[in-house]
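Structure assessment
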Amino acid sequence: MRTLRTLLALLMVLGVAATPAAASERHDVAYDRYSLTVDGQRVLLWSGEFHYFRLPSPELWRDVLQKIKAAGFNGVSLYFHWGYHSPAPGVYDFSGVRDVDRLLRMTEETGLYVVARPGPYINAETTGGGLPAWLKTTEGRARSSDPTYTAAYREWLSRINPILARHQVTRGGSVIAYNVENEYAVNVDPLYMEQLQQKARADGIDVPITHNACCNADLANWSSGQGAVQIPGVDDYPNGFDCQNPDTWGAWGEGVTRRLRDDAPVYAAEYQAGAIDGANAGYEGCRELTGPDFMKVYYKSNVIGSGATMFGYYMTFGGTNWGWLPQPNDVYTSYDYGSAITESRGLTAKYDEFKRQGLFMTTVAPLAKTDPGPAPVSADPAVFAQARVNPDTGTQFVLVRHADRKTSADVSTTLAWSTPDGAHQVPVRVGGRDAKILVAGYDLGGQRLVWSNSEILTHVTVQGRDVAVLYGREGEQGSTVLRYSSKPRVRVLDGAVRSSFDGKDLKLDYTHSGLARVLVSGGGRPPVLLLLGTDQTAAEFWRLDTAKGPVLVRGTSLARSAAISGGRLELEADMDEAGEVETFAPVSRLVVGGRLVPARRTASGSLVGKLAGPRPVTLPVLSQWQYRAESPASGSGWTVADKTTTASPIKPKTLPVLYSDEYGFHHGNVWYRGTFTAGAEKTVSVNAITGRRGNYLVWLNGRYLGSAAGGTEADAEPVNPDPGRGDFAIPDGLLKPGSTATLSVLVTNMGHNDNWTADDVRFKQPRGLYGVTVGDARISWQIRGSRYDDVERGSLNTGGLYGELAGWHLPGSGGRWSQPPASMPAGVSWYRTTFGLDLPEDQDVPVAVRFGEQPDRKYRAFVFVNGWNVGHYMTGAPQRDFVVPTGVLRRSNTIVLAVVATEPGELAPVSLVALGNHRTSAHLR
Ligand code: IPT
């Protein structure tokens, strides 16, 4: 079965002329001030950011990569996460969900270039900013040339670099550039930057080296001097991160990428394509903040304003902070990011806008080499025009937008435009928050485009005929002018289009509405079919590469791949509902998902067929929950905690050192047990540092005393002497003077701070107990935390609840489970049930675990599905739906909730919900 699938995948790959040419061919990668080149051909690199570590299901990597490719991207930007692969010094894992070699093979099969970003530091709102937690216990400043840190990161690079090296374009693979470090902007050490690059070269990296400079490159940007990189890039998030006020525009500036080197392309390394949700507004607000109108105005302004030819859109698919992946300060389980592709892999209006822009960027070749040019003069100063020109072809690209880009005004005016083919008065209309890139003097296939005030989506040539899609907003006037040596024949197949010929130029006038079709032939040129659409109808098109050249598809919810064989077009496509599919390809038959589709030939020369939608599905109801309690006394396996020194720059308030990392417990919950000889103590005073939203619970002699919020101290300088303080009165009679008392504390640690400032005080901030005093008692301590023995799911999956150590979160764990109590007690409660899923093989149904509305919840819950920790439901975060990726989800499933309650109460109802239903020809399971 498996071999058959591999064979099928292989056959599919052979049919597809991937953008990075088929593996094993070697290519030259070079660059100049305009762009990257591959074998001397210019490449405008339009890439989207994707984090494989936020999708623990390799088959879904392919799904997301195909969706990225289908949106018109020709590249992906990939962080590689050191800490995700390394649970302990010298231990590295690249198997299963960590198999990045497989990931890179998929990028090659999908036809996407890769900008590889292995850090060592990546930020990315992930625990430690990608640095492994064990690094916190070492001496020497991280992100510097310190020898201890150097030895540590070389372990990582010695493993990841060879994998990246063998996948370089220069060796027939997909990796076209290599990014060192990440926004290395303050507390910088140029020797470190230089050594990272020397290491990359020594490990066989021969593609250009890049860097992403923070903050519009106002700080260190590595464009010159020691540590300079070949192609320095700029990170820019012009709309900021206030997802609560999605209408606020330009909070962080103009958004035009600076040129940093004269001899290298302008590189928008991370350009805002979503936002983190620090304000807990929910990601829909972030999606709106960075929605299609923002994309039109900012992305297009950036392209024409900066002349950038390398782009990385952060994020294109955000994914899930499953397990203990999140950094504590800005994110929760979902890393949806308000991106174009949702966490449940759904396509949004932002996806359509990416497609409109991406197909243009990767179709119109002269865009890869432009200089600023004279702009047409707008008759109305409210409309701003700016131009770039290709110095070889003369092709002009003109940005038109409102001078005040925030305005919602709808302005019509005229541009006095001196095009390569003569001076013209060009009418333009700019609706609210719109921007267009208009083209003049362009050899469109076999045609000569004099000018158009419609935007170009894409064009292909099928059997000697050009097929071009142009578009404008619904209701806007459009004109397209093409040059001929004699009067051509014009046939309007659909819609209302007027034409006139002045002896030289054919002018087509129309109103953008639906999809007009015009066939022009003769006039001394090959025939062309013009498809004149709107924003909406343009977004129904897909352009797919085949070994016989690109083809166009209209309709389907997603067209993943195409191959041509024996007069048949073989499509892989998805349908969200029944509908039409139309193809513009040199074939006479249409096969979708392996099935022949009855199709008729149209006047447009295309094939049209009908495709079925998905069948409705119902998900099982979760019932018959079983229960098991975990008490402070549960189980064994304690480690004596008696260290008196620590490498952490933050020294503890009381001894011994109780920081969990010091004892090798790096992720999640940690139990502490302190024993002392009781006297007349009145109060237990605790300090704990957990990171934002962490907390701890305290018991004395088995009696629950209460809980407190853990300290954060994210940036505090000087260090707060009293972080995460809780004082707990000791009830009368609980202590028996002279006898041994047992103090138990459960601490929920929220992941490790990032290290954006390259500053160990922030990064090495401890987790766990910082100090404990019970009168004058001398306390002997033990600690128990996460144990790394789950190679499949990795060290970030499980923490140190006793149930996690005993495997209660795994399917089929034995032991005594019983009927849940009527009320959930304070402390740790475990719930589990099983469910079957019988979904149609050819349907992709993204499933989430949903918690019912419960604003005043006094507990947090960790959601394990088949042992995978897919969610941390907690107070203070807006998330109630936890996406469970296919692959983690199977035919028979066990769901386990580990609940840590600070007060007795009721658990919100938990159910399964479908976040979509797509009929698909992809094999996602
Ligand atoms: C920049 C980082 O490079 C990236 O890893 C991620 O953290 C992103 O932005 C925000 O989501 S940090 C920059 C905005 C200061």
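Criteria and thresholds
- Residues numbered from 1 in each chain as written.
- Predicted model: local features only at pLDDT ≥ 70, side-chain atom pairs only at ≥ 80, totals over all residues.
- Heavy atoms only, no water.
- Helix = DSSP H or I, 4+ residues; strand = E, 2+ residues; numbered from the N terminus.
- Rg over C-alpha atoms; globule rule 2.2 N^0.38 Å.
- Buried < 20%, exposed > 50% of the residue type's maximum accessible area, 1.4 Å probe, protein only.
- Contact = heavy atoms within 4.5 Å.
- Areas by Shrake-Rupley, 256 points an atom, 1.4 Å probe, with all protein chains shown as cover.
- Lys, Arg positive; Asp, Glu negative; His and termini not counted.
- Charge placed at Lys NZ, Arg CZ, Asp CG, Glu CD.
- Axes fitted to C-alpha atoms, helices over the stretch in contact; angles between N-to-C directions.
- Left-handed = near helix turned anticlockwise from the far one by under 90°.
- Pairing = 2+ DSSP bridges.
- UniProt positions renumbered as here; feature names shortened; annotations may be inferred.
- Salt bridge = Lys/Arg side-chain N within 4 Å of Asp/Glu carboxyl O.
- Core = buried A, V, L, I, M, F, W, Y, C linked by side-chain atoms within 4.5 Å.
- Expected span 1.5 Å × (residues − 1).
- Bend = angle between axes of the 7 residues up to and from the residue.
- Polar contact = N/O pair within 3.5 Å; in protein donor to acceptor, adjacent residues only side chain to side chain.
- Domains from an automatic or database assignment.
- Buried area = accessible area lost by both parts, 1.4 Å probe.
- Nonpolar A, V, L, I, M, F, W, Y, C, P; charged D, E, K, R; others polar.
- Near = heavy atom within 4 Å.
- Phe/Tyr/Trp six-rings, centres within 6.5 Å; stacked < 30°, edge-to-face > 60°.
- Disulfide = S-S within 2.5 Å.

So, on to the overall build of the protein. Along its length, the protein carries 12 helices and 55 strands. Taking 2.2 N^0.38 as the reference for a compact globule, 925 residues should give roughly 29 Å; the C-alpha atoms of the protein span a radius of gyration of 30 Å, in line with that estimate. Per-residue burial over the protein gives 63% buried out of 925 residues. Within the protein, contacts between residues at least 6 apart in sequence are counted, and of these 72% link residues at least 24 apart. Split by element, the accessible area of the protein, about 31,100 Å² in all, is 50% carbon and sulfur. Side-chain charges of the protein comprise 92 positive and 94 negative groups, with the mean position of each set lying 5 Å from the other.

The contact between helix H2 (residues 58-70) and helix H4 (residues 100-110) brings their axes to 10 Å, and the two run at 35°. Seen along the crossing, H2 lies across H4 with a hand that is right-handed. Of H4, the residues touching H2 (which contributes Pro58, Glu59, Trp61, Arg62, Leu65, Gln66 and Lys69) are Arg102, Leu103, Met106, Thr107, Glu109 and Thr110.

Let us now look at the sheet that holds strand E23 (residues 489-494). Each strand in a sheet pairs with its neighbour through backbone hydrogen bonds, running either in the same direction (parallel) or in the opposite one (antiparallel). The sheet built from five strands is open, its strands ordered E20-E21-E27-E26-E23 with mixed pairing. The open sheet has two free edges, formed respectively by strand E20 (455-462) and E23, since each of these has just one partner strand. Ignoring strand direction, the axes of neighbouring strands in this sheet form an average angle of 20°. As paired elements, E20 and strand E21 (residues 465-472) share seven bridges and run antiparallel to each other. Bridged to valine 460 within E21 is valine 467. Contacts between helix H9 (residues 349-361) and the sheet are confined to E20 and E21, with E20 contributing the most and set at about 55° to the helix.

Attention now goes to the UniProt feature "domain: Beta-galactosidase" (unreviewed entry) in the protein. Under the local residue numbering, the UniProt record ascribes the feature "domain: Beta-galactosidase" (unreviewed entry) to residues 366-541. Taken end to end, residues 366-541 has its terminal C-alpha atoms 22 Å apart, with 2% of it in helix and 64% in strand.

What follows deals with the pairing of strand E41 (residues 695-700). By the criterion of burial, E41 is predominantly enclosed, with six of the six residues buried. In E41, alternate side chains face the same way, and those of Asn695, Leu697 and Trp699 on one face and Tyr696, Val698 and Leu700 on the other are all buried. Sheet analysis places E41 next to strand E42 (residues 703-709), joined by six bridges and oriented antiparallel. Residue leucine 697 lies in a different strand from E42, and its bridge partner there is serine 707.

With that out of the way, let us pick up the side chain of arginine 857. Of note, arginine 857 is situated in the loop between strand E49 (847-851) and strand E50 (859-865). It turns out arginine 857 is buried and unbridged, and the closest side chain with the opposite charge, glutamate 853, is 7.1 Å from it.

Attention now moves to the nonpolar core. Counting residues in hydrophobic clusters, the biggest one holds 211 residues, and the most contacted among them are Phe50, Phe80, Trp82 and Leu530. With nine residues, the single largest contributor to this core is helix H5 (residues 147-166). Setting aside residues up to four positions removed in sequence, phenylalanine 50 forms contacts with Leu55, Trp61, Val64, Leu65, Ile68, Ser77, Leu78, Tyr79, Leu103, Met315 and Phe317. With 31 residues, the next largest nonpolar core counts Tyr663, Ala678, Leu705 and Val774 among its residues.

This next bit is on H5. Taking 1.5 Å per residue, 20 residues should reach 28 Å; H5 reaches 28 Å between its end C-alpha atoms and fits that length. Along its length, H5 reaches its greatest deviation from straightness, about 30°, at leucine 157. Within H5 the residues assigned to the buried category are Tyr149, Thr150, Ala152, Tyr153, Trp156, Leu157, Ile160, Asn161, Ile163, Leu164 and Ala165. On its buried side, H5 packs onto helix H3 (82-85), H4, strand E6 (113-117), strand E7 (175-179) and helix H6 (190-202). Capping of H5 at its N-terminal end is provided by aspartate 146; its side-chain oxygen lies 2.9 Å from the backbone amide nitrogen of threonine 148.

Here the focus is the domain arrangement of the protein. Taken domain by domain, the protein holds domain 1 (39-347), domain 2 (368-611), domain 3 (630-784) and domain 4 (790-920). One C-alpha centre belongs to domain 2, the other to domain 4, and the line joining them spans 48 Å. At the junction of the two partners, domain 2 supplies six residues and domain 4 supplies four residues. Carbon and sulfur atoms supply 25% of the area that domain 2 and domain 4 bury against each other, a total of about 400 Å² over both sides. If you sort the residues of domain 2 by the area they bury against domain 4, Asp574, Met575 and Asp576 come out on top, with a joint share of 70%. In this assembly, domain 2 and domain 4 are joined by zero salt bridges. Taken together, domain 2 and domain 4 are joined by four residue pairs in polar contact (both at pLDDT 80 or more). Looking at the side of domain 2 that touches domain 4, the element that brings in the most residues is strand E31 (residues 568-575), giving three residues. Residue classes in the side of domain 2 that touches domain 4 are distributed as two nonpolar, no polar and four charged.

Following the criterion strictly, the structure yields 54 salt bridges and no others. For aspartate 63, the salt bridge goes to lysine 67, with nearest N and O atoms at 3.0 Å. Here lysine 67 and aspartate 63 lie together in helix H2, a separation of four residues that amounts to about one turn. On the basis of relative accessibility, which here comes to 2%, the residue lysine 67 falls in the buried class. Ionic pairing is found between aspartate 263 and arginine 261, a salt bridge with its closest N-O pair at 2.8 Å. Residue arginine 261 is classed as partly exposed on the basis of its relative accessible area of 23%. Three or more residues are tied together by salt bridges with common partners; here these are Asp63, Lys67, Arg345, Arg560, Asp574 and Asp844.

This part takes up the site of the ligand. As a matter of local geometry, the ligand sits amid 14 residues, with Tyr79, Asn123, Ala124, Glu125 and Tyr337 nearest to it. Within the backbone of alanine 124, one N or O atom sits 2.8 Å away from an oxygen atom of the ligand.

Let us now look at the packing of aromatic side chains. Enumeration over the complete set of coordinates arrives at 54 aromatic pairs. Look at tyrosine 271 and tyrosine 299: their rings are 5.6 Å apart centre to centre, the planes differ by 85°, and that puts the pair in the edge-to-face class. Taken as a pair, tyrosine 271 in strand E10 (residues 267-272) and tyrosine 299 in helix H8 (residues 292-306) lie far apart in primary sequence, 28 residues in all. Each member of the pair tyrosine 271 and tyrosine 299 is classed as buried. Ring geometry for tyrosine 313 versus phenylalanine 354: centroids 5.2 Å apart, planes at 70°, classification edge-to-face.

One pass over the structure, following the stated rule, counts two disulfides. Disulfide pairing places cysteine 214 opposite cysteine 215 at an S-S distance of 1.7 Å. Across the S-S bond of cysteine 214 and cysteine 215 the torsion is about 50°, and the bridge reads as right-handed. With a sulfur-sulfur separation of 2.2 Å, cysteine 243 is cross-linked through a disulfide to cysteine 286. Disulfide cysteine 243-cysteine 286: torsion about the S-S bond near 105°, hence right-handed.

What follows concerns the sheet that holds E42. Taking strand neighbours across the sheet as the criterion, the six strands line up as E38-E46-E39-E44-E41-E42 in an open arrangement whose pairing is antiparallel. Whereas interior strands pair on both sides, the edge strands pair on one side only; in this sheet they are strand E38 (639-641) and E42. Direction aside, the axes of adjacent strands within the sheet are offset by 25° on average. Here nine bridges tie strand E39 (residues 669-677) to strand E44 (residues 740-748), and the two strands are oriented antiparallel to one another. In the sheet register, asparagine 669 faces E44, and the bridge partner there is threonine 748.

Take alanine 585: it is sitting in the loop between strand E32 (579-584) and strand E33 (589-592). The exposure class of alanine 585 is buried, given its relative accessible area of 7%. Spatially, the C-alpha atoms of alanine 585 and leucine 157 are 45 Å apart, while their sequence positions differ by 428 residues. With sequence-adjacent residues up to four places away left out, alanine 585 is seen in contact with Val462, Val551 and Leu569.

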